[in-house]
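# Descriptive structure summary
This is what each chain is made of:
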Amino acid sequence: MTFKNYFKNYPNEKGYFGEFGGSFIPPVLEEEMKRINEAYYSISKSHEFISELRSIRKHFQGRPTPVYYCNRLSEKYGGRIYLKREDLNHSGAHKLNHCMGEALLAKYMGKKKLIAETGAGQHGVALATAAAYFGLECEIHMGEVDIAKEHPNVMRMKILGATVVPVTHGLKTLKEAVDSAFQAYLQDPINTIYCIGSVVGPHPFPMMVREFQRVVGIEARDQFEEMTGELPDNIVACVGGGSNAMGIFSAFLDEKNIKLHGVEPAGKGIDKEGKHAATLSLGSPGVIHGFKCYLLQDKAGEPAPVYSVASGLDYPGVGPEHSMLKDLKRAEYHHINDQECIDAFFELSRLEGIIPALESSHAIAYAIKLAKANPKQSILVNLSGRGDKDLDYVIDTYGLPEDRKA
Ligand SMILES: *Cc1c(COP(=O)(O)O)cnc(C)c1O
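Please read these numbers as outputs of a predicted model, since none were measured by experiment.

### Points about the domain arrangement of the protein chain
Partitioning the protein chain into domains gives domain 1 (23–58 + 95–202) and domain 2 (62–92 + 207–405). Counting residues at the interface gives 30 residues for domain 1, matched by 31 residues for domain 2. Surface buried jointly by domain 1 and domain 2 totals about 2,600 Å² across both partners, of which 64% is contributed by carbon and sulfur atoms. Of all residues in domain 1, R57, N97 and V199 give up the largest surface area on contact with domain 2, accounting jointly for 27% of the area buried on that side. Summed over the shared surface of domain 1 and domain 2, the result is zero salt bridges. There are 11 residue pairs in polar contact (both at pLDDT 80 or more) connecting domain 1 and domain 2.

Set out below in C-alpha coordinates:
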(Lines give C-alpha, C1' and ligand atoms only; values in the text may rest on other atoms or scores of the structure.)
Protein backbone atom coordinates (compact mmCIF):
# COMPACT_ATOMS: atom_id res chain seq x y z
CA MET A 1 0.00 0.00 0.00
CA THR A 2 0.99 3.61 -0.40
CA PHE A 3 1.31 6.08 2.42
CA LYS A 4 0.41 9.03 0.23
CA ASN A 5 -2.82 10.62 1.54
CA TYR A 6 -2.48 8.22 4.48
CA PHE A 7 -3.88 10.61 7.09
CA LYS A 8 -6.94 11.32 4.94
CA ASN A 9 -7.67 7.63 4.37
CA TYR A 10 -6.80 6.18 7.79
CA PRO A 11 -9.05 5.90 9.62
CA ASN A 12 -11.91 5.73 7.09
CA GLU A 13 -15.14 7.62 7.81
CA LYS A 14 -16.34 4.81 10.08
CA GLY A 15 -13.17 4.95 12.13
CA TYR A 16 -11.46 1.85 10.71
CA PHE A 17 -7.78 1.26 10.21
CA GLY A 18 -8.08 -1.77 7.93
CA GLU A 19 -10.12 -4.25 9.96
CA PHE A 20 -9.30 -2.55 13.30
CA GLY A 21 -10.86 0.32 15.23
CA GLY A 22 -14.51 1.23 14.66
CA SER A 23 -17.00 1.91 17.38
CA PHE A 24 -18.62 -0.82 19.51
CA ILE A 25 -20.65 1.23 21.98
CA PRO A 26 -24.23 1.69 23.27
CA PRO A 27 -26.53 3.91 21.11
CA VAL A 28 -26.53 6.81 23.62
CA LEU A 29 -22.79 7.08 23.32
CA GLU A 30 -22.87 6.75 19.56
CA GLU A 31 -24.73 10.05 19.31
CA GLU A 32 -22.15 11.74 21.49
CA MET A 33 -19.18 10.28 19.61
CA LYS A 34 -20.73 11.59 16.39
CA ARG A 35 -20.99 15.05 17.92
CA ILE A 36 -17.37 14.95 19.06
CA ASN A 37 -16.27 13.75 15.62
CA GLU A 38 -18.16 16.56 13.87
CA ALA A 39 -16.85 19.13 16.33
CA TYR A 40 -13.33 17.84 15.83
CA TYR A 41 -13.56 18.25 12.05
CA SER A 42 -15.15 21.69 12.12
CA ILE A 43 -13.28 23.21 15.08
CA SER A 44 -9.79 21.73 14.96
CA LYS A 45 -9.27 22.85 11.34
CA SER A 46 -10.16 26.46 12.15
CA HIS A 47 -7.46 29.10 12.13
CA GLU A 48 -8.44 30.12 15.67
CA PHE A 49 -8.05 26.63 17.13
CA ILE A 50 -4.79 25.96 15.36
CA SER A 51 -3.18 29.21 16.45
CA GLU A 52 -4.37 28.81 20.05
CA LEU A 53 -2.96 25.27 20.23
CA ARG A 54 0.29 26.45 18.67
CA SER A 55 0.63 29.19 21.26
CA ILE A 56 -0.13 26.78 24.14
CA ARG A 57 2.51 24.37 22.91
CA LYS A 58 5.13 27.08 22.74
CA HIS A 59 4.41 29.13 25.85
CA PHE A 60 2.86 26.62 28.27
CA GLN A 61 4.29 23.25 27.28
CA GLY A 62 7.74 24.50 26.29
CA ARG A 63 7.69 23.04 22.79
CA PRO A 64 9.51 22.21 20.65
CA THR A 65 11.24 19.71 22.91
CA PRO A 66 14.84 19.09 21.77
CA VAL A 67 16.36 16.17 19.90
CA TYR A 68 19.51 15.09 21.69
CA TYR A 69 22.48 12.97 20.53
CA CYS A 70 23.57 10.38 23.14
CA ASN A 71 27.32 10.63 22.93
CA ARG A 72 28.37 8.23 25.67
CA LEU A 73 25.57 5.71 25.11
CA SER A 74 26.43 5.52 21.39
CA GLU A 75 30.13 5.25 22.14
CA LYS A 76 29.53 2.31 24.46
CA TYR A 77 27.06 0.33 22.34
CA GLY A 78 27.74 1.45 18.76
CA GLY A 79 25.27 3.03 16.40
CA ARG A 80 24.16 6.63 16.74
CA ILE A 81 21.39 6.97 19.31
CA TYR A 82 19.25 10.13 19.45
CA LEU A 83 16.40 11.01 21.81
CA LYS A 84 13.28 13.07 21.18
CA ARG A 85 13.01 14.63 24.65
CA GLU A 86 9.32 14.35 25.55
CA ASP A 87 10.50 14.08 29.16
CA LEU A 88 11.01 17.86 28.83
CA ASN A 89 7.42 18.49 27.75
CA HIS A 90 5.57 20.27 30.59
CA SER A 91 4.44 17.79 33.28
CA GLY A 92 7.16 15.37 32.23
CA ALA A 93 5.72 13.23 29.45
CA HIS A 94 4.11 13.23 26.01
CA LYS A 95 0.61 12.78 27.47
CA LEU A 96 0.03 16.51 27.85
CA ASN A 97 0.16 16.85 24.04
CA HIS A 98 -3.19 15.14 23.56
CA CYS A 99 -4.68 16.30 26.86
CA MET A 100 -4.23 19.96 25.87
CA GLY A 101 -5.76 19.20 22.48
CA GLU A 102 -8.74 17.36 23.97
CA ALA A 103 -9.30 20.07 26.58
CA LEU A 104 -9.07 22.85 23.98
CA LEU A 105 -11.68 21.03 21.89
CA ALA A 106 -13.84 20.72 25.04
CA LYS A 107 -13.59 24.46 25.58
CA TYR A 108 -14.66 25.24 22.00
CA MET A 109 -17.55 22.77 22.37
CA GLY A 110 -18.74 24.61 25.48
CA LYS A 111 -18.08 21.70 27.84
CA LYS A 112 -17.70 22.42 31.53
CA LYS A 113 -16.07 19.27 32.78
CA LEU A 114 -13.44 16.72 31.77
CA ILE A 115 -13.87 13.11 32.90
CA ALA A 116 -11.38 10.26 32.67
CA GLU A 117 -10.11 7.20 34.43
CA THR A 118 -6.51 6.71 35.41
CA GLY A 119 -4.46 3.66 36.37
CA ALA A 120 -1.11 4.77 37.72
CA GLY A 121 -2.26 8.38 37.63
CA GLN A 122 -0.19 9.72 34.73
CA HIS A 123 -3.18 10.40 32.50
CA GLY A 124 -5.08 11.86 35.45
CA VAL A 125 -2.26 14.30 36.22
CA ALA A 126 -1.91 15.39 32.57
CA LEU A 127 -5.66 15.95 32.28
CA ALA A 128 -5.84 17.78 35.61
CA THR A 129 -3.05 20.04 34.31
CA ALA A 130 -5.03 20.80 31.15
CA ALA A 131 -8.23 21.41 33.15
CA ALA A 132 -6.46 23.87 35.43
CA TYR A 133 -5.08 25.73 32.42
CA PHE A 134 -8.54 26.15 30.86
CA GLY A 135 -10.50 26.59 34.09
CA LEU A 136 -12.55 23.45 33.45
CA GLU A 137 -13.76 21.03 36.11
CA CYS A 138 -11.95 17.71 36.18
CA GLU A 139 -13.14 14.39 37.58
CA ILE A 140 -10.72 11.47 37.63
CA HIS A 141 -11.93 7.96 38.47
CA MET A 142 -9.33 5.74 40.05
CA GLY A 143 -9.43 2.30 41.69
CA GLU A 144 -8.90 2.26 45.45
CA VAL A 145 -5.98 -0.13 45.04
CA ASP A 146 -4.27 2.30 42.65
CA ILE A 147 -5.02 5.27 44.92
CA ALA A 148 -3.12 3.54 47.72
CA LYS A 149 -0.20 2.68 45.41
CA GLU A 150 0.13 6.00 43.60
CA HIS A 151 -0.03 8.52 46.40
CA PRO A 152 2.15 11.26 44.80
CA ASN A 153 0.01 11.33 41.63
CA VAL A 154 -3.20 11.44 43.67
CA MET A 155 -1.77 14.46 45.53
CA ARG A 156 -0.75 16.12 42.26
CA MET A 157 -4.27 15.76 40.84
CA LYS A 158 -5.79 17.22 44.00
CA ILE A 159 -3.32 20.11 44.12
CA LEU A 160 -4.22 20.85 40.48
CA GLY A 161 -7.87 21.09 41.53
CA ALA A 162 -9.23 17.79 40.20
CA THR A 163 -11.75 15.61 42.04
CA VAL A 164 -10.46 12.07 42.47
CA VAL A 165 -13.33 9.57 42.64
CA PRO A 166 -12.31 6.32 44.37
CA VAL A 167 -13.69 3.19 42.72
CA THR A 168 -14.50 0.52 45.28
CA HIS A 169 -16.03 -2.39 43.36
CA GLY A 170 -14.46 -5.47 41.75
CA LEU A 171 -10.66 -5.54 41.70
CA LYS A 172 -10.65 -1.76 42.35
CA THR A 173 -8.14 -1.05 39.56
CA LEU A 174 -8.12 0.33 36.01
CA LYS A 175 -10.91 -1.73 34.44
CA GLU A 176 -13.42 -0.78 37.16
CA ALA A 177 -12.24 2.84 36.93
CA VAL A 178 -13.09 2.83 33.19
CA ASP A 179 -16.62 1.54 33.93
CA SER A 180 -17.10 4.12 36.66
CA ALA A 181 -15.88 7.03 34.52
CA PHE A 182 -18.16 5.92 31.65
CA GLN A 183 -21.15 5.82 34.01
CA ALA A 184 -20.41 9.33 35.25
CA TYR A 185 -20.02 10.55 31.68
CA LEU A 186 -23.35 9.02 30.61
CA GLN A 187 -25.14 11.01 33.29
CA ASP A 188 -24.30 14.33 31.63
CA PRO A 189 -22.77 13.98 28.17
CA ILE A 190 -23.90 17.50 27.21
CA ASN A 191 -21.73 19.34 29.73
CA THR A 192 -18.89 16.83 30.02
CA ILE A 193 -16.39 15.19 27.72
CA TYR A 194 -14.65 11.89 28.23
CA CYS A 195 -10.92 12.30 27.57
CA ILE A 196 -9.17 9.14 26.50
CA GLY A 197 -5.52 8.74 27.44
CA SER A 198 -4.09 7.01 24.37
CA VAL A 199 -4.80 6.11 20.74
CA VAL A 200 -7.51 3.69 21.92
CA GLY A 201 -11.28 3.67 22.51
CA PRO A 202 -14.11 4.16 20.00
CA HIS A 203 -13.80 6.39 16.93
CA PRO A 204 -12.90 9.30 16.80
CA PHE A 205 -10.49 9.00 19.77
CA PRO A 206 -7.69 6.93 18.18
CA MET A 207 -7.61 9.43 15.32
CA MET A 208 -7.87 12.58 17.49
CA VAL A 209 -5.18 11.48 19.91
CA ARG A 210 -2.87 10.60 17.00
CA GLU A 211 -3.46 13.98 15.40
CA PHE A 212 -2.61 15.78 18.66
CA GLN A 213 0.54 13.66 19.08
CA ARG A 214 1.77 14.18 15.51
CA VAL A 215 3.58 17.31 16.66
CA VAL A 216 6.23 15.03 18.18
CA GLY A 217 7.07 13.41 14.84
CA ILE A 218 6.84 16.62 12.84
CA GLU A 219 9.28 18.39 15.16
CA ALA A 220 11.61 15.40 15.45
CA ARG A 221 11.92 14.90 11.69
CA ASP A 222 12.87 18.54 11.11
CA GLN A 223 15.25 18.61 14.05
CA PHE A 224 16.98 15.37 13.10
CA GLU A 225 17.42 16.50 9.52
CA GLU A 226 18.80 19.83 10.64
CA MET A 227 21.28 18.16 13.00
CA THR A 228 22.54 15.44 10.67
CA GLY A 229 21.57 16.41 7.13
CA GLU A 230 19.73 13.10 6.72
CA LEU A 231 16.81 11.08 8.06
CA PRO A 232 17.19 8.41 10.77
CA ASP A 233 17.48 4.72 9.85
CA ASN A 234 15.33 3.56 12.78
CA ILE A 235 12.58 4.96 14.98
CA VAL A 236 11.96 3.35 18.38
CA ALA A 237 9.11 3.96 20.84
CA CYS A 238 7.47 2.05 23.68
CA VAL A 239 3.88 0.90 23.18
CA GLY A 240 1.21 0.76 25.86
CA GLY A 241 -1.91 2.02 24.09
CA GLY A 242 0.45 3.45 21.50
CA SER A 243 0.10 7.25 21.54
CA ASN A 244 3.74 8.27 21.88
CA ALA A 245 4.70 5.69 19.24
CA MET A 246 2.04 6.94 16.78
CA GLY A 247 3.19 10.49 17.46
CA ILE A 248 6.71 9.83 16.25
CA PHE A 249 5.94 7.06 13.69
CA SER A 250 3.47 9.30 11.87
CA ALA A 251 6.17 11.56 10.45
CA PHE A 252 8.11 8.67 8.90
CA LEU A 253 5.40 6.31 7.59
CA ASP A 254 5.96 7.40 3.99
CA GLU A 255 9.69 6.70 4.11
CA LYS A 256 9.81 2.99 3.29
CA ASN A 257 13.49 2.68 4.21
CA ILE A 258 13.02 3.94 7.74
CA LYS A 259 12.28 1.08 10.12
CA LEU A 260 9.63 1.68 12.78
CA HIS A 261 10.03 -0.32 16.00
CA GLY A 262 7.37 -0.50 18.72
CA VAL A 263 8.47 -1.96 22.06
CA GLU A 264 6.04 -3.79 24.33
CA PRO A 265 6.58 -4.96 27.92
CA ALA A 266 7.52 -8.63 28.36
CA GLY A 267 7.21 -8.14 32.13
CA LYS A 268 8.37 -11.26 33.95
CA GLY A 269 8.30 -13.34 30.77
CA ILE A 270 6.08 -13.78 27.70
CA ASP A 271 5.66 -17.50 28.44
CA LYS A 272 3.68 -16.68 31.59
CA GLU A 273 0.05 -15.60 31.22
CA GLY A 274 -0.75 -12.51 33.26
CA LYS A 275 2.95 -11.59 33.65
CA HIS A 276 3.42 -9.45 30.54
CA ALA A 277 1.52 -7.10 28.22
CA ALA A 278 3.03 -8.03 24.84
CA THR A 279 -0.26 -7.47 23.01
CA LEU A 280 0.96 -7.21 19.42
CA SER A 281 3.45 -10.04 19.87
CA LEU A 282 1.00 -12.53 21.38
CA GLY A 283 -2.57 -11.22 21.10
CA SER A 284 -5.32 -11.99 18.59
CA PRO A 285 -8.05 -9.72 17.19
CA GLY A 286 -10.82 -8.90 19.67
CA VAL A 287 -12.91 -6.04 21.07
CA ILE A 288 -12.13 -4.01 24.20
CA HIS A 289 -13.42 -0.63 25.43
CA GLY A 290 -15.44 0.00 22.29
CA PHE A 291 -12.92 -0.79 19.53
CA LYS A 292 -11.31 -3.71 17.71
CA CYS A 293 -7.58 -4.41 18.01
CA TYR A 294 -5.03 -7.06 18.82
CA LEU A 295 -5.96 -8.18 22.31
CA LEU A 296 -4.55 -10.46 24.97
CA GLN A 297 -7.52 -12.69 25.79
CA ASP A 298 -8.20 -15.50 28.21
CA LYS A 299 -9.85 -18.75 27.11
CA ALA A 300 -13.31 -17.18 27.41
CA GLY A 301 -12.33 -14.29 25.10
CA GLU A 302 -12.24 -11.78 27.97
CA PRO A 303 -9.29 -9.34 28.23
CA ALA A 304 -6.49 -11.24 29.98
CA PRO A 305 -4.75 -9.98 33.12
CA VAL A 306 -1.59 -8.08 32.22
CA TYR A 307 1.49 -6.85 34.04
CA SER A 308 4.60 -4.71 33.53
CA VAL A 309 7.07 -2.98 35.81
CA ALA A 310 5.97 0.15 33.87
CA SER A 311 2.37 0.76 34.83
CA GLY A 312 1.78 2.96 31.77
CA LEU A 313 2.31 -0.05 29.51
CA ASP A 314 0.12 -2.73 31.13
CA TYR A 315 -2.93 -2.65 28.86
CA PRO A 316 -4.33 -5.86 27.26
CA GLY A 317 -5.37 -4.03 24.08
CA VAL A 318 -3.47 -1.65 21.79
CA GLY A 319 -4.32 1.13 19.37
CA PRO A 320 -6.13 -0.03 16.21
CA GLU A 321 -3.63 1.81 14.01
CA HIS A 322 -0.73 -0.21 15.46
CA SER A 323 -2.78 -3.36 14.88
CA MET A 324 -3.02 -2.42 11.20
CA LEU A 325 0.63 -1.34 10.88
CA LYS A 326 1.67 -4.72 12.27
CA ASP A 327 -0.44 -6.61 9.71
CA LEU A 328 0.90 -4.37 6.92
CA LYS A 329 4.41 -5.06 8.24
CA ARG A 330 5.06 -1.30 8.12
CA ALA A 331 6.08 -1.39 11.79
CA GLU A 332 7.74 -4.18 13.77
CA TYR A 333 6.89 -4.90 17.37
CA HIS A 334 9.34 -6.29 19.90
CA HIS A 335 9.35 -6.90 23.64
CA ILE A 336 11.63 -6.03 26.53
CA ASN A 337 11.34 -7.57 30.00
CA ASP A 338 11.42 -5.90 33.43
CA GLN A 339 15.09 -6.57 34.09
CA GLU A 340 16.22 -5.24 30.70
CA CYS A 341 14.08 -2.16 31.36
CA ILE A 342 15.66 -1.55 34.77
CA ASP A 343 19.17 -1.99 33.34
CA ALA A 344 18.41 0.58 30.62
CA PHE A 345 16.94 2.93 33.23
CA PHE A 346 20.29 3.06 35.06
CA GLU A 347 22.35 3.01 31.88
CA LEU A 348 20.74 6.17 30.45
CA SER A 349 20.83 7.88 33.85
CA ARG A 350 24.54 7.28 34.33
CA LEU A 351 25.82 7.65 30.78
CA GLU A 352 23.74 10.68 29.78
CA GLY A 353 22.39 12.32 32.94
CA ILE A 354 18.80 11.64 31.91
CA ILE A 355 16.54 9.58 34.20
CA PRO A 356 13.92 8.01 31.91
CA ALA A 357 10.40 6.84 32.83
CA LEU A 358 10.20 3.04 33.14
CA GLU A 359 7.90 3.07 30.10
CA SER A 360 10.52 4.91 28.03
CA SER A 361 13.26 2.66 29.44
CA HIS A 362 11.74 -0.17 27.38
CA ALA A 363 12.46 1.84 24.23
CA ILE A 364 16.01 2.62 25.43
CA ALA A 365 16.65 -1.08 26.14
CA TYR A 366 15.56 -2.03 22.62
CA ALA A 367 17.59 0.81 21.07
CA ILE A 368 20.70 -0.54 22.81
CA LYS A 369 20.09 -4.01 21.31
CA LEU A 370 19.51 -2.46 17.89
CA ALA A 371 22.69 -0.36 18.14
CA LYS A 372 24.79 -3.40 19.03
CA ALA A 373 23.43 -5.32 16.03
CA ASN A 374 23.65 -2.35 13.60
CA PRO A 375 26.65 -0.22 14.57
CA LYS A 376 26.48 1.83 11.34
CA GLN A 377 22.87 2.93 11.71
CA SER A 378 21.16 5.86 13.40
CA ILE A 379 18.34 5.36 15.89
CA LEU A 380 15.84 7.99 17.00
CA VAL A 381 14.07 7.07 20.24
CA ASN A 382 10.95 8.79 21.53
CA LEU A 383 11.85 9.34 25.18
CA SER A 384 8.20 9.53 26.23
CA GLY A 385 8.70 10.69 29.82
CA ARG A 386 10.96 11.36 32.79
CA GLY A 387 11.56 8.88 35.58
CA ASP A 388 11.03 10.98 38.70
CA LYS A 389 7.72 9.20 39.33
CA ASP A 390 9.55 5.83 39.38
CA LEU A 391 12.48 6.53 41.70
CA ASP A 392 11.04 5.18 44.95
CA TYR A 393 9.69 2.07 43.29
CA VAL A 394 12.96 1.26 41.50
CA ILE A 395 15.11 1.73 44.60
CA ASP A 396 12.73 -0.17 46.91
CA THR A 397 12.30 -3.07 44.48
CA TYR A 398 15.65 -3.35 42.71
CA GLY A 399 18.13 -1.21 44.65
CA LEU A 400 21.15 0.41 43.03
CA PRO A 401 23.14 -1.68 40.51
CA GLU A 402 26.26 -1.64 42.70
CA ASP A 403 24.30 -2.86 45.71
CA ARG A 404 22.76 -5.67 43.64
CA LYS A 405 26.19 -6.94 42.62
CA ALA A 406 27.51 -6.89 46.19
C1 LIG B 1 1.37 6.56 29.63
C2 LIG B 1 2.77 6.52 29.21
C3 LIG B 1 3.19 5.69 28.14
C4 LIG B 1 2.28 4.74 27.43
O5 LIG B 1 1.28 5.34 26.67
P6 LIG B 1 1.27 5.29 25.08
O7 LIG B 1 -0.11 5.70 24.75
O8 LIG B 1 1.58 3.88 24.66
O9 LIG B 1 2.28 6.23 24.59
C10 LIG B 1 4.52 5.75 27.76
N11 LIG B 1 5.41 6.56 28.39
C12 LIG B 1 5.04 7.35 29.42
C13 LIG B 1 6.08 8.20 30.06
C14 LIG B 1 3.72 7.36 29.87
O15 LIG B 1 3.36 8.15 30.89
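### Here's the deal with the sheet that holds strand β4 (residues 80–85)
Backbone-to-backbone hydrogen bonds join strands into a sheet, with any given pair of strands oriented parallel or antiparallel. Spatial strand order, β3-β4-β14-β9-β10-β13: six strands in an open sheet with mixed pairing. Two strands lie at the open edges of the sheet, namely β3 (67–69) and β13 (331–337), each paired on one side alone. Each strand of the sheet is rotated relative to its neighbour by a mean of 25°, with strand direction disregarded. Strand direction decides the pairing type here: β3 and β4, joined by three bridges, are antiparallel. Opposite Y69, over in β4, you have Y82 as the bridge partner. Sheet strands in contact with helix α10 (residues 205–228) are β3, β4 and β14 (378–383), and its direction is about 140° off that of β4. Packed on one face of the sheet, helix α15 (residues 358–373) meets β4, β9 (234–238), β10 (259–267), β13 and β14 and runs near 150° to β9.

### Things to note about the site of the ligand
Taken together, 17 residues are adjacent to the ligand, and K95, S198, G242, S243 and S384 come closest. S243 places a polar side-chain atom, nitrogen or oxygen, 2.7 Å from an oxygen atom of the ligand. Between the ligand and S384 there is a distance of 2.7 Å, counted from a nitrogen atom to a side-chain nitrogen or oxygen. The fraction of the free accessible surface of the ligand (380 Å²) that becomes covered by protein chains is 97%.

### Overview of the layout of surface pockets
Its volume calculated, the second largest pocket comes out at about 690 Å³. Forming the boundary of the second largest pocket are 28 residues, of which Y40, I50, L53, R57 and E211 lie nearest the centre. Every element with two or more residues in the lining of the second largest pocket is listed here: α1 (6–9), α2 (27–43), α3 (47–59) and α10. The element that contributes the greatest number of residues to the lining of the second largest pocket is α10, accounting for nine residues. There are two domains that each give the lining of the second largest pocket at least three residues, and those are domain 1 (23–58 + 95–202) and domain 2 (62–92 + 207–405).

### Side note on unusual backbone geometry
P11 follows Y10 through a cis peptide bond whose omega is 0°. Its place among the elements puts P11 in the loop between α1 and β1 (16–17). Between H203 and P204 the backbone carries a cis peptide bond, its omega angle lying at 10°. Tracing the sequence through the fold places P204 in the loop between β8 (192–194) and α10. One non-glycine residue, K172, lies in positive phi territory at about 60°. Its place among the elements puts K172 in the loop between β7 (163–167) and α9 (174–187). Of note in the backbone geometry, H289 takes a positive phi value of approximately 45° without being a glycine. Considering the arrangement of structural elements, one finds H289 in the loop between β11 (284–288) and β12 (291–295). With relative accessibility at 31%, the residue H289 sits in the partly exposed group.

### Here we look at the pattern of salt bridges
If charged atoms from side chains of opposite charge come close, those side chains can pair. As enumerated under the stated definition, the model contains 24 salt bridges in all. Put simply, D390 and K389 hold a salt bridge, and the shortest N to O gap is 2.9 Å. The buried category is assigned to D390, whose relative accessible area is 8%. Note on K389: relative accessible area 28%, which makes it partly exposed. Look at the salt bridges and you will find they share partners, linking R63, K84, E86 and E219 into a network.

### Here we look at the sheet that holds strand β5 (residues 113–117)
Ordered by their spatial adjacency, four strands build an open sheet running β7-β6-β5-β8, and the pairing between neighbours is parallel. This sheet does not close on itself; its edge strands, each paired only once, are β7 and β8. In this sheet, neighbouring strand axes are inclined to one another by 20° on average, regardless of whether the strands run parallel or antiparallel. Relative to β8, β5 is paired through three bridges, and the arrangement is parallel. What sits directly across from K113, in β8, is T192.

### A few points about the packing of helix α14 (residues 338–352) against α15
It is at 8 Å that the axes of α14 and α15 come closest, and there the two elements cross at 90°. The orientation of α14 relative to α15 falls into the category roughly perpendicular. Contact residues: E340, C341, I342, A344, F345, E347 and L348 in α14; L358, S361, H362, I364, A365, I368 and K369 in α15. Looking at the contact of α14 with α15 residue by residue, the class counts come to nine nonpolar, two polar and three charged.

Here is what the cut-offs are and how they apply
Going along each chain's sequence as written, the residues are numbered from 1 onward. In keeping with the model being predicted, local features are shown solely for residues with a pLDDT of at least 70 and side-chain atom pairs are shown and tallied solely at 80 or more, while totals for entire chains, interfaces and linings include all residues. Hydrogen atoms and water are omitted, and side-chain values are computed over all heavy atoms in the structure. Domain start and end points were adopted from an automatic or database domain assignment. Only heavy atoms enter the contact rule, under which two residues are in contact if any of them lie within 4.5 Å. Two parts placed together each lose some accessible area under a 1.4 Å probe, and the buried area is that loss summed for both. The salt bridge criterion pairs a side-chain nitrogen of Lys or Arg with a carboxyl oxygen of Asp or Glu, the two atoms within 4 Å. What qualifies as a polar contact is a pair of N or O atoms within 3.5 Å, subject to a donor-acceptor requirement within protein and to the restriction that residues adjacent in sequence count only when both atoms come from side chains. Pairing between strands requires that DSSP locate at least two bridges from one strand to the other. Helix and strand assignments come from DSSP, with helices taken as H or I runs of at least 4 residues and strands as E runs of at least 2, each series counted from the N terminus. Here an axis means a line fitted to C-alpha atoms, over the contact stretch when the element is a helix, while the angle between two N-to-C directions is reported on a 0 to 180 degree scale. Residue proximity to a molecule or strand is established when one non-hydrogen atom of the residue lies within 4 Å of it. For the accessible areas, the method is Shrake-Rupley and the probe is 1.4 Å, while residue cover comes only from the protein chains on display. Points on a 1 Å grid over protein atoms alone make up a cavity when a 1.4 Å probe fits among them but cannot get out, and a pocket when they form an open set with protein on both sides within 12 Å along at least five of seven lines; lining residues each have an atom within 4 Å of a point. Grid points are joined across faces, edges and corners, and a volume is the space filled by probe spheres set on the points. Throughout this description, buried means an accessible area under 20% of the type-specific maximum (1.4 Å probe, protein chains only), exposed means over 50%, and partly exposed covers the range between. Any angle from 65 to 115 degrees is called roughly perpendicular, while one under 35 is roughly parallel, one over 145 is roughly antiparallel, and all others are oblique. Amino acid classes used here: Ala, Val, Leu, Ile, Met, Phe, Trp, Tyr, Cys and Pro are nonpolar; Asp, Glu, Lys and Arg are charged; the rest, including Gly, are polar.

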